[in-house]
Structure formats: C-alpha cells, structure tokens
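Overview (structure and organization)
These are the residues of each chain, in order.
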Amino acid sequence: MQLEFTGFGPEATHLLHYTEQQRKITEERIAELNNQGLTVRAIAAETGVSFSTVHRVVKRLNNQ
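Our subject in this report is the structure included herewith.

1. Focus on the packing of helix α2 (residues 40-47) against helix α3 (residues 51-63)
- At a minimum axis distance of 9 Å, the contact between α2 and α3 shows a crossing angle of 120 degrees. With respect to each other, α2 and α3 are oriented oblique. In this structure, the crossing between α2 and α3 has a hand that is right-handed. Residues V40, R41, I43, A44 and T47 of α2 form the contact with α3, whose own contacting residues are F51, V54 and H55.
- Residues of the contact of α2 with α3, tallied by class, amount to five nonpolar, two polar and one charged.

Quick look at the structure:
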C-alpha cells in the first residue's frame, strides 16, 4: 500500500476527497459498461457495486 501525504487536517476531509474521486470513477465505469449494452445485474457483478446503486446511476444517466 502506498500512502500520499495531502496535508494536515481532519480525517473526514481527506476521506471525503477520496470518496468523491472513487464515486466519479465508479460512475464513469458504470456508464461505460451501460453503453456497451450490459444489463444492470451484469454491471453490478463486474464492478462489485450493488444492484440498486447501479440501477440508480443508470437511471440518472438516462435522464440527462
């Protein structure tokens, strides 16, 4: 594991930044798999994200 010093501050601040980055990367991957025609269930299995989360992301992407 490699750690990167990002400065001093509350732990929650650092974790929030990581969470936002990971969420964006995950949503981009879900969009990519959805565009390839995979089902919500297949996307969930591929990404390790729950069915309901994938469904919510796909629904939001389709409404844009």
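2. Digging into the pattern of salt bridges
- Counted by the stated rule, this structure contains four salt bridges.
- One salt bridge in this structure joins R23 and E27, with 3.3 Å as the shortest N-O distance. In this pair, R23 and E27 are both assigned in helix α1 (residues 11-35), four residues apart and thus about one turn of the helix distant.
- Residue R23 is classed as partly exposed on the basis of its relative accessible area, which comes to 46%.
- Taking the shortest distance from any N to any O, the salt bridge between E27 and R60 comes out at 2.5 Å. Taken together, the positions of E27 in helix α1 and R60 in helix α3 put the pair 33 residues apart, joining distant regions of the chain.

So, how was this worked out
- In every chain, residue numbers begin from 1 and rise along the written sequence.
- For this predicted model, a pLDDT threshold of at least 70 governs which residues receive local features, and a threshold of 80 or more governs which side-chain atom pairs are given and counted, while totals over whole chains, interfaces and linings are taken from all residues.
- Side-chain measures here rest on the full set of heavy atoms in the structure, leaving out hydrogens and waters.
- Axis lines are fitted to C-alpha atoms, over the contacting stretch for helices. Their N-to-C directions set the angle, which ranges from 0 to 180 degrees.
- A run of DSSP states H or I qualifies as a helix once it reaches four residues; a run of E qualifies as a strand once it reaches two. Both are numbered from the N-terminal end.
- Roughly parallel here means an angle under 35 degrees, roughly antiparallel means over 145, roughly perpendicular means 65 to 115, and every remaining angle is called oblique.
- For any helix crossing, the convention is left-handed if the near helix is rotated counterclockwise from the far helix by under a right angle, and right-handed if that rotation is clockwise.
- In this description, contact between two residues means that some pair of their heavy atoms is separated by no more than 4.5 Å.
- For this classification, Asp, Glu, Lys and Arg are treated as charged, while Ala, Val, Leu, Ile, Met, Phe, Trp, Tyr, Cys and Pro are nonpolar and the rest, including Gly, are polar.
- Salt bridge criterion: a side-chain nitrogen from Lys or Arg within 4 Å of a carboxyl oxygen from Asp or Glu.
- Per-residue accessibility, obtained with a 1.4 Å probe over protein chains only, is compared with the maximum for each type, and a residue is labelled buried under 20%, exposed over 50%, and partly exposed between these values.

All quantities given are derived from atomic positions and should not be read as evidence of function.
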